[in-house]
Amino acid sequence: MLLPTLVTYLAGCAFLLSPVLEGCGPGRGYGKRRSPRKLAPLAYKQFSPNVAEKTLGASGRYEGKITRNSERFKELTPNYNPDIIFKDEEKTGADRMMTQRCKDKLNSLAISVINLWPGVRLRVTEAWDEDGNHSEESLHYEGRAVDITTSDKDKNKYAMLARLAVEAGFDWVYYESKAHVHCSVKSEHSVAAKSGGCFPGGASVTLENGVQKSVRDLRPGERVLASSGSDGSGELVYSDVLTFLDRDPATRKLFYAIGTEAGARLSLTAAHLLFVSEGNCSEGAVPARGAVRTVYASDARPGQCVLVAPGGEPGRGRGEGRLSRITRVSVGEGRGAYAPLTAHGTVVVDGVVASCYAAVDRHDLAHRALSPLRLMYRWTGATGYRGKGLHWYPQFLHWLGRLLLDSERFHPWGVAQPGS
């Protein structure tokens, strides 16, 4: 198995590099060296993203105050980064205490500050609050928020400091005061619950004999209904399940539930890719050529149309997927996370045509990058992965893609953190 694995690694590199290399010829392309992106400072009182701090699209809900005597105190970790000045006016070390996610973003920001302003360091004036000095349900009480300045206290730098905090990955940044910038992050549990690209264990697929089967019970080697088209359109066929890109029976995650006029209801994680058609789509119609594209489940909106599978006799083709308008998008928790990979790279789940892929913004790019893995399973006849957690190959591709491609190509919750 060593040789096929090595070949898969090398082929994966080649396939992921190929869209970069395609742009090396004359004219504009992926391979052209880009000039550094100019960063725009935040305006006074501006916050990013442009939603309230404790909403799903920002740092999420307040989960309760953490005290030194509470069980959750172990969620906090001290930050002794020498490139950061901690005001610590209470002389208790409280300003050094924060969640690991907050610590990681703060350390990243400290590097950006030094790079932009040599000789200047990042300064933290407030972090974890154990004394009740902030408003009710402040994220400072959970170690998920920091108030920051620069070490030289130059207020002319704070607008750009806020922008650097956004770039460092804080989930919400607010140029709150002329005296400081406020930053916060999602809870560790929230990040784990939202990350990855999967279907819940109770989602169903259609086998070649017409039987509906839960994805939790699906086995590599079985054939399931899928789309033959690279954009989700085209004939519906039965495709071999090769392996699972992710599989965790016990986890609980947040799923986006997509409801349609046809009565279909698909649940999938935020970073999973879904085929949609924009504009004036007719209910039950076959999509026009080029009308279908992929979006993350978190970007699906009422009014867009997804592809649903029409009925048909077991073992026979089902024709093509038909358009059905999205009427509702909601978010709820579910148990289990499963991401089956088929030979075609698509799968019909709960009657809706979906991609097998997640995290990256293009189905065709993901399909190309996963080609070596599909070929390895088909050539060797190896039994597909049914262990717990993320398959090694997409984990490797995500790491490689982060090195080669713009971060904008990836969903922020694309890959679950180890141990989540």
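The preceding data block contains the structure.
Residues numbered from 1 in each chain as written. Predicted model: local features only at pLDDT ≥ 70, side-chain atom pairs only at ≥ 80, totals over all residues. Heavy atoms only, no water.

### What to know about the overall build of the chain
Okay, so step 1: A tally of regular secondary structure across the chain gives 7 helices and 20 strands.
Okay, so step 2: Partitioning the intrachain contacts of the chain with sequence separation of at least 6 by distance along the chain shows that 68% fall at a separation of at least 24. (Helix = DSSP H or I, 4+ residues; strand = E, 2+ residues; numbered from the N terminus. Contact = heavy atoms within 4.5 Å.)

### Looking at the state of the cysteines
Okay, so step 1: As enumerated under the stated definition, the model contains 1 disulfide in all.
Okay, so step 2: With a sulfur-sulfur separation of 1.8 Å, Cys281 is cross-linked through a disulfide to Cys305. Across the S-S bond linking Cys281 and Cys305, the dihedral sits near 65°, which makes this disulfide right-handed. Linking Cys281 in the loop between strand S14 (272–277) and strand S15 (292–296) with Cys305 in strand S16 (residues 305–308), this pair joins segments that are 24 residues apart in sequence. For the pair Cys281 and Cys305, a shared accessibility class is recorded, and that class is buried. (Disulfide = S-S within 2.5 Å. Buried < 20%, exposed > 50% of the residue type's maximum accessible area, 1.4 Å probe, protein only.)

### Some words on the side chain of His180
Okay, so step 1: Along the polypeptide, His180 turns up in strand S8 (residues 180–184).
Okay, so step 2: At 2.9 Å, the side chain of His180 forms a polar contact with the side chain of Glu176. (Polar contact = N/O pair within 3.5 Å; in protein donor to acceptor, adjacent residues only side chain to side chain.)

### Here we look at the side chain of Thr77
Okay, so step 1: With respect to the helices and strands, the residue Thr77 is situated in strand S2 (residues 76–78).
Okay, so step 2: Classification of Thr77 as buried rests on a relative accessible area of 17%.
Okay, so step 3: Discounting residues that sit within four places of it in the chain, Thr77 has contacts with Arg96, Met97, Met98, Thr99, Gln100 and Lys103.

### Remarks on the packing of helix H2 (residues 100–116) against helix H3 (residues 158–168)
Okay, so step 1: Between H2 and H3, the least distance of the axes is 9 Å, while the angle of their chain directions is 135°. Accordingly, the angle class assigned to the pair H2 and H3 is oblique. The hand of the H2/H3 crossing is right-handed. Side by side, H2 and H3 meet where Lys105, Ser108, Leu109, Ser112, Val113 and Leu116 of the first sit next to Met160, Leu161, Leu164, Ala165 and Ala168 of the second.
Okay, so step 2: Here the contact of H2 with H3 is built from residues that sort into 8 nonpolar, 2 polar and 1 charged. (Axes fitted to C-alpha atoms, helices over the stretch in contact; angles between N-to-C directions. Parallel < 35°, antiparallel > 145°, perpendicular 65-115°, else oblique. Left-handed = near helix turned anticlockwise from the far one by under 90°. Nonpolar A, V, L, I, M, F, W, Y, C, P; charged D, E, K, R; others polar.)

### Focus on H3
Okay, so step 1: Most of H3 is tucked away, with 9 of its 11 residues classed as buried.
Okay, so step 2: Listed as buried for H3 are Tyr158, Ala159, Met160, Leu161, Ala162, Arg163, Leu164, Ala165 and Ala168.
Okay, so step 3: Summarising the contacts, the buried residues of H3 are in contact with H2, strand S5 (122–126), strand S6 (145–150), strand S7 (172–177) and S8.

### What to know about H2
Think of an α-helix as 3.6 residues a turn; residues three or four steps apart then line up on the same face.
Okay, so step 1: Its 17 residues give H2 an end-to-end C-alpha distance of 25 Å, which sits within 8% of 24 Å, the value for a rise of 1.5 Å per residue.
Okay, so step 2: Restricting attention to buried positions, one finds in H2 the residues Arg101, Cys102, Lys103, Lys105, Leu106, Leu109, Ala110 and Val113. (Expected span 1.5 Å × (residues − 1).)

### Notes on the pattern of salt bridges
Okay, so step 1: Evaluated as defined, the whole model comprises 13 salt bridges.
Okay, so step 2: Linking Glu142 and Arg144 is a salt bridge whose minimum nitrogen-to-oxygen distance equals 3.2 Å.
Okay, so step 3: The class for Arg144 is buried, based on a relative accessible area of 2%.
Okay, so step 4: Asp364 is paired through a salt bridge with Arg362; the nearest N and O atoms lie 3.0 Å apart.
Okay, so step 5: Among the ionic contacts, a cluster of salt bridges with common partners joins Arg72, Glu75, Glu142 and Arg144. (Salt bridge = Lys/Arg side-chain N within 4 Å of Asp/Glu carboxyl O.)

### Some words on the environment of Leu266
Okay, so step 1: Following the sequence through the fold, Leu266 ends up in strand S13 (residues 265–268).
Okay, so step 2: For the pair formed by Leu266 and Ala203, sequence separation is 63 residues and the distance between their alpha carbons is 7.8 Å.
Okay, so step 3: Residues in contact with Leu266, not counting those within four places in the same chain, are Phe199, Tyr256, Ala257, Ile258, Leu274, Val349, Asp350, Val352 and Ala354.

### Examining the pairing of S13
Okay, so step 1: In the sheet, strand S12 (residues 236–260) pairs with S13 via 4 bridges, with the strands oriented antiparallel. Bridging across to S13, Gly259 finds its partner in Arg265.
Okay, so step 2: Hairpin connection, S12 to S13: the antiparallel pair is bridged by 4 residues, and Gly263 has positive phi, about 95°. (Pairing = 2+ DSSP bridges.)

### Considerations on the sheet that holds S5
Within a sheet, adjacent strands bond to each other through the backbone by hydrogen bonds, running parallel or antiparallel.
Okay, so step 1: Strand order across the open sheet formed by 6 strands is S1-S7-S8-S6-S5-S3, with mixed pairing between neighbours. The two strands at the open ends of the sheet, each matched to only one other strand, are strand S1 (47–48) and strand S3 (84–86).
Okay, so step 2: Sheet topology note: the S7/S8 ladder contains 4 bridges and is antiparallel. The residue bridging Ser177 from the neighbouring strand is His180, located in S8.
Okay, so step 3: Each of S3, S5 and S6 touches H2; the most contacted strand, S5, lies at about 140° to it.

Note that every value here comes from positions in space, so none of it alone points to a role or purpose.
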